[in-house]
Amino acid sequence: MNIFRLTGDLSHLAAIVILLLKIWKTRSCAGISGKSQLLFALVFTTRYLDLFTSFISLYNTSMKLIYIACSYATVYLIYMKFKATYDGNHDTFRVEFLVVPVGGLSFLVNHDFSPLEILWTFSIYLESVAILPQLFMISKTGEAETITTHYLFFLGLYRALYLVNWIWRFYFEGFFDLIAVVAGVVQTILYCDFFYLYITKDSNGKEEGWEILA
């Protein structure tokens, strides 16, 4: 494992932990898209079915279990424990417009036409667009809490680091996965506008398009 893969994994984990702690400490899921979190839970569930069929390493297995557990814990907090604070009126992105096309594409473009491979491919495609409901919610409300922007920043950083990881693996290991790379590029592009606003926001936390709330 190279340093870019490791730091990418840690950035991904940091994003998930930041979100969970935010919800738990504030006892509120205001400003968080439950639909995005449901999509991420679906991503991890369909991607890590190989837990039942293969063992790569203790690190690999542990991270997969942590991602799955944290994703469902987040969904539980949003839709059950702190349901009263969930802003469903603004979380209105039509996720079927993501899931259905992604499902169809995973059947048409995959490495191997087998159940586990199709589900893995589905998870790769879905992850690339799973953040859209959250970004749509922020654009609709025009504001985002600081902790939510940190969550998005670390998610974007995770994906950017994975792009570098794939470049590293191509040059030093001869490994290249076109499906994962294309999906990763799409996902990174979706974060570009957010990264610009995150970095260039002024001292008051305001920037054109939305406002960061302390």
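Residues numbered from 1 in each chain as written. Predicted model: local features only at pLDDT ≥ 70, side-chain atom pairs only at ≥ 80, totals over all residues. Heavy atoms only, no water.

Going by what an unreviewed UniProt entry lists, the protein chain is known as ER lumen protein-retaining receptor and is assigned to Cervus elaphus hippelaphus. The UniProt entry for the protein chain carries this comment under Sequence similarities (unreviewed entry): "Belongs to the ERD2 family." (UniProt positions renumbered as here; feature names shortened; annotations may be inferred.)

On a plain count of helices and strands, the protein chain comes out with eight helices and three strands. The order of α-helices and β-strands along the protein chain, N terminus first, is α-α-α-α-α-α-β-α-α-β-β. Expressed as a percentage of the 214 residues in the protein chain, the buried residues total 44%. Counting contacts in the protein chain only where the partners sit at least 6 residues apart, residues at least 24 apart contribute 76% of the total. Looking at the protein chain as shown, the accessible area adds up to about 11000 Å², and 69% of this sits on carbon and sulfur atoms. (Helix = DSSP H or I, 4+ residues; strand = E, 2+ residues; numbered from the N terminus. Buried < 20%, exposed > 50% of the residue type's maximum accessible area, 1.4 Å probe, protein only. Contact = heavy atoms within 4.5 Å. Areas by Shrake-Rupley, 256 points an atom, 1.4 Å probe, with all protein chains shown as cover.)

For helix α2 (residues 34–47), built from 14 residues, the straight-helix expectation of 20 Å at 1.5 Å per residue is met to within 8% by its first-to-last C-alpha distance of 20 Å. Burial analysis of α2 places 10 of its 14 residues in the buried class, the great majority of the element. (Expected span 1.5 Å × (residues − 1).)

As a further point, take the pattern of salt bridges. A side chain with one charge can pair with a side chain of the opposite charge if their charged atoms come near. One pass over the full model with this rule turns up six salt bridges. Two residues, R169 and E173, come together in a salt bridge whose shortest N-O distance is 3.0 Å. Owing to a relative accessible area of 48%, E173 belongs among the partly exposed residues under this scheme. Among the ionic contacts, a cluster of salt bridges with common partners joins R47, E127 and R159. (Salt bridge = Lys/Arg side-chain N within 4 Å of Asp/Glu carboxyl O.)

Mapping A73 onto the fold places it in helix α3 (residues 58–81). By relative accessible area, which is 30% here, A73 ends up partly exposed.

On to a nonpolar patch on the surface. Taken together, the side chains of I167, W168, F170, Y171, F172, F176, L178, V182 and V186 define a hydrophobic patch exposed on the protein surface, amounting to about 960 Å² of accessible area. Sorting the residues of the nonpolar patch by element identifies α7 (146–172) and α8 (178–200) as the ones contributing at least two each. The biggest single contributor to the nonpolar patch is α7, with five residues. (Patch = residues over 30% accessible without salt bridge, like charges linked within 9 Å, V, L, I, M, F, W, Y side chains within 5 Å.)

Let's shift gears to α3. Under the 1.5 Å per step criterion, the end-to-end length of α3 is 32 Å for 24 residues, consistent within 8% with the ideal 34 Å. Where α3 is concerned, the buried positions are N60, T61, M63, K64, Y67, I68, C70, S71, T74, V75, L77 and I78. Looking at the buried side of α3, the elements it contacts are α1 (3–26) and α2.

The subject of this paragraph is the packing of α2 against helix α5 (residues 115–129). It is the contact of α2 with α5, at a shortest axis distance of 8 Å, that shows an interaxial angle of 150°. Between α2 and α5, the interaxial angle falls into the category roughly antiparallel. Seen along the crossing, α2 lies across α5 with a hand that is left-handed. Between α2 and α5, the contacting residues are L39, F40, L42, V43, T46 and R47 on the first element and L119, W120, F122, S123, I124, L126 and E127 on the second. Within the contact of α2 with α5, the residues separate by chemical class into nine nonpolar, two polar and two charged. (Axes fitted to C-alpha atoms, helices over the stretch in contact; angles between N-to-C directions. Parallel < 35°, antiparallel > 145°, perpendicular 65-115°, else oblique. Left-handed = near helix turned anticlockwise from the far one by under 90°. Nonpolar A, V, L, I, M, F, W, Y, C, P; charged D, E, K, R; others polar.)

Within the structure shown, the criterion is met by 14 aromatic pairs. Ring plane angle 15° and centroid distance 5.4 Å describe the contact between F44 and Y67, whose orientation is recorded as stacked. Taken together, the residues F44 in helix α2 and Y67 in helix α3 connect sequence positions 23 residues apart. The buried category is assigned to Y67, whose relative accessible area is 4%. Following the ring pairs from residue to residue traces out a cluster consisting of F4, W168 and F172. (Phe/Tyr/Trp six-rings, centres within 6.5 Å; stacked < 30°, edge-to-face > 60°.)

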